[in-house]
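If you want the building blocks of each chain, they are given just below.
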Amino acid sequence: MEQPLLGGAPARRCCSSGTLKAWLPILSWLPRYNLKWLQMDVLAGVTVGLTTVPQALAYAEVAGLPVQYGLYSAFMGGFIYTVLGTSKDVTLGPTAIMSLLCYSVVGGEPCRAVLLTLLCGLIQATMALLRLGFLLDFISYPVIKGFTCAAAVTIGFGQVKNILGIHGVPQQFFLEVYYTFYRIPEARVGDVVLGLLCLAVLIMLTFMKMSLTSEDAPACQRVARNIVWGVATMRNALVVTAASLVAFSWEAYGHHVFTITGQTAKGLPPFRPPPTSDITPNGTVVSFREIVEGFGGGLAVIPFMGLLESIAIAKAFASQNDYRINANQELLAIGVTNIMGSFVSAYPVTGSFGRTAVNSQTGVCSQAGGIITSVIVLLSLAFLMPAFFYIPKASLAAVIICAVAPMVDFRVVVKMWRIHKLDLLPFFVTFLMSFWQVQYGIMGGVAMSGVLLLYNMARPRIKVKDGETKPHKLLVMELDSSLSFPATEYLSHRLHTQALQVSPPRSVVLDCHHVSHIDYTVISELRDLLRQFKLREVNLIFSRVQEINYLQRLWMDRKRLTEAFICEIELWKILGRLQHYLSVA
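These numbers were taken from a predicted model, which means no experiment stands behind them.

Engineer: Please clarify how the overall build of the protein should be interpreted in this entry.
Structural biologist: Of the regular secondary structure elements, the protein holds 29 helices and eight strands. When each of the 585 residues of the protein is scored for burial, the buried share is 48%. Of the contacts made within the protein by residues no fewer than 6 positions apart, 79% connect residues no fewer than 24 positions apart. Element-wise, carbon and sulfur atoms account for 63% of the exposed surface of the protein, whose accessible area totals about 29,300 Å².

Engineer: So what exactly am I meant to see when it comes to the packing of aromatic side chains here?
Structural biologist: Aromatic ring pairs are described here by two measures, namely the spacing of the ring centres and the angle between the planes. Taken as a whole, this structure holds 20 aromatic pairs when the rule is applied. Here phenylalanine 410 and phenylalanine 431 contribute two aromatic rings whose centre-to-centre distance is 5.6 Å and whose plane-to-plane angle is 80°, an arrangement assigned as edge-to-face. Placement of phenylalanine 410 in the loop between helix H20 (393-404) and helix H21 (411-419) and of phenylalanine 431 in helix H22 (residues 424-433) is noted, with a sequence separation of 21 residues between them. Seen from their ring centres, phenylalanine 431 and phenylalanine 435 are 5.0 Å apart, and the 85° between their planes marks the pair as edge-to-face. We note that phenylalanine 431, like phenylalanine 435, is buried. Lying over the aromatic face of tryptophan 417, lysine 421 brings its terminal NZ or CZ to 4.9 Å of the ring centre.

Engineer: Looking at this structure, I do not really get helix H23 (residues 438-458). What am I missing?
Structural biologist: Counting along an α-helix, one turn takes 3.6 residues, and residues three or four places apart therefore face a common direction. Taking 1.5 Å of rise per residue, the 21 residues of H23 would be expected to cover 30 Å, and the 30 Å separating its terminal C-alpha atoms lies within 8% of that figure. The complete set of buried residues in H23 reads Val438, Gln439, Gly441, Ile442, Gly444, Gly445, Ser449, Leu452 and Ala458. Looking at the buried positions of H23, the neighbouring elements they touch are helix H7 (96-106), helix H9 (141-158), helix H16 (298-320), H22 and helix H24 (488-500).

Engineer: Got a minute to help me understand unusual backbone geometry in this structure?
Structural biologist: With an omega of -5°, the peptide bond running from serine 503 to proline 504 counts as cis. Mapped onto the secondary structure, proline 504 falls in the loop between H24 and strand E7 (507-511). A positive phi angle is found at arginine 131, which is not glycine, with a value near 55°. Summarising the element assignment, arginine 131 is placed in the loop between helix H8 (110-129) and H9. Residue class for arginine 131 comes out partly exposed when judged on its relative accessible area of 45%. Here the phi dihedral of serine 345 falls at roughly 65°; this positive angle occurs in a residue that is not glycine. If you trace the backbone, serine 345 turns up in the loop between helix H17 (327-341) and strand E4 (350-351).

Engineer: Help me out: how do you make sense of the nonpolar core in this one?
Structural biologist: Side chains that are nonpolar tend, in soluble globular proteins, to be buried together. Counting 94 residues, the largest nonpolar core has Leu57, Leu71, Leu101, Leu116, Phe147 and Phe295 as its most contacted members. In terms of residues, this core owes the most to one element, H16, which gives 11 residues.

Engineer: It is not clear to me how the pairing of E7 should be interpreted in this structure. Could you clarify?
Structural biologist: Looking along a regular strand, one sees side chains alternate from face to face of the sheet. When you tally the buried positions in E7, you get five out of five residues, the bulk of the element. Burial along E7 is two-sided: the face carrying Ser507, Val509 and Asp511 and the face carrying Val508 and Leu510 are both buried. With four bridges joining them, E7 and strand E8 (residues 540-543) adopt parallel strand pairing. Paired with valine 509 across the strands is isoleucine 541, a residue of E8. With helix H25 (residues 520-535) bridging E7 and the parallel E8, this β-α-β connection has right-handed handedness.

Engineer: Whenever I open this one, the pattern of salt bridges confuses me. Can you help?
Structural biologist: Between side chains of opposite charge, a pair can form when the charged atoms approach closely. Overall, the coordinates contain seven salt bridges when judged by the stated rule. Here aspartate 409 ties to arginine 411 by a salt bridge, and the two come within 3.0 Å at their closest N and O atoms. In this structure aspartate 409 comes out as buried when scored by relative accessible area, which is 19%. The shortest N-O distance in the salt bridge between arginine 531 and aspartate 528 comes to 2.7 Å. In this pair, arginine 531 and aspartate 528 both sit in helix H25, three residues apart, roughly one turn of the helix. Here aspartate 528 falls in the partly exposed class, since its relative accessible area comes to 25%.

Criteria and thresholds
- Residues numbered from 1 in each chain as written.
- Predicted model: local features only at pLDDT ≥ 70, side-chain atom pairs only at ≥ 80, totals over all residues.
- Heavy atoms only, no water.
- Helix = DSSP H or I, 4+ residues; strand = E, 2+ residues; numbered from the N terminus.
- Buried < 20%, exposed > 50% of the residue type's maximum accessible area, 1.4 Å probe, protein only.
- Contact = heavy atoms within 4.5 Å.
- Areas by Shrake-Rupley, 256 points an atom, 1.4 Å probe, with all protein chains shown as cover.
- Phe/Tyr/Trp six-rings, centres within 6.5 Å; stacked < 30°, edge-to-face > 60°.
- Lys NZ or Arg CZ within 6 Å of the ring centre and 35° of its normal.
- Expected span 1.5 Å × (residues − 1).
- Core = buried A, V, L, I, M, F, W, Y, C linked by side-chain atoms within 4.5 Å.
- Pairing = 2+ DSSP bridges.
- Right-handed = clockwise from strand over helix to strand, strands pointing away.
- Salt bridge = Lys/Arg side-chain N within 4 Å of Asp/Glu carboxyl O.

So this is what it looks like as structure tokens:
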């Protein structure tokens, strides 16, 4: 009988059904697809599509790009995620935070925004292939909350000028605040009235949706509830459509009452490679290298924030709807979406919490709902672009303000104060620095979190118990974590001040029950401490050590090991006389 080649088994495993399903999750659910799923996916896709179109137009304004770029960014995710995504609820597309980050890096330059999308996608896909998703764990919750609160304030206030209909306001936050109030006398009455009216309607419909109950009710009440839910869910599309009709009617009679979106590109975007250079208004050619250097830290911040936002949303809805996601596969789906999106002039996208919530509440059954949403966006691009000419900017501003308002949640400050006050440091560092530059806020928050993490490593908690047993004067010190080199000096200082420098010197029992790791630097310091204790004719005793063999393998010979770790029977004879002092929970 012929023997298989040595590489045959691994090759078969690489091409096995399980491996293909892991890389292409669509193969897991497509064989089970049925008519009922199709009905629910079409309903959810249409509902989300009607929410996506006005939001995409509005978020393009936040990114400083022409409104059609919002739609360019909104359809690729539905197709890619259907094949590669592991959450049935998540919808990928432009979001308020990604739009703000994009503007902070590219300053509203379309060519650079598209190139940024490609580079972000490559970084995200590479992270997925190298299984580097764990790096997201180093962005702490206080940093995320500080950033989202600051982003919501920045985005929301940035739309006040569109509600007022004033122009020439700088984009830098503090200057924007000053000039917005300074130019209030220049506000256009039509924009103010329309903007406030749109805000009022959106807020009213939002509260109506929140007040709906799911309790059993007569058929007529259920029908009424479904109608209210449908109207409230599609409130953005309804408000923008109504405002556009009002603006069109005034424009038709020659009255320019409102500030409207104006001319937009018609039709579908061309499928072409993203540009690798740019030309300034004065004709200067900016090379690829110069563009990338101009991106600076944003080239690291945007991919990470996109991944973090989308995976957090996917995990939340997976837990709510009782299924599991694959985090690295989610990274791949987002990365490929951005790579392919750059070929259709998209700017960076991620998961949208609001649209994902609508998708879930509508009863979507599979990732195929995203295809329906993408088709609606494509139809809007193909046939409705001339109508977008009349969309008032005040109505889009109202949509954005209502979308970001729930992100401002300062109740979290009270919770951090009650649970762990030091968490407020990265929160406020991120929050305040984000008003200067968004990416600097995130970097500053991560740096502060890192400092706190290193501080905890360098200053481990040590519980101290005093005791006296004839003829021994003992000090019992319990370590609550592993020991690494940053903690060496602190541990040595505590032992010197509380045991060696007192009169008379005291013996110490060092309880290492919680210590699972000790590095070379700590071992070296402990040897020196043993020598100093011996010179003063007192003992340093190690109790409940987890890995004696591990320490021995480092470099301690058997003789010193015997000096450091007395046998278990003799140790517990001594500790038996100190039972009262060692009774710790």
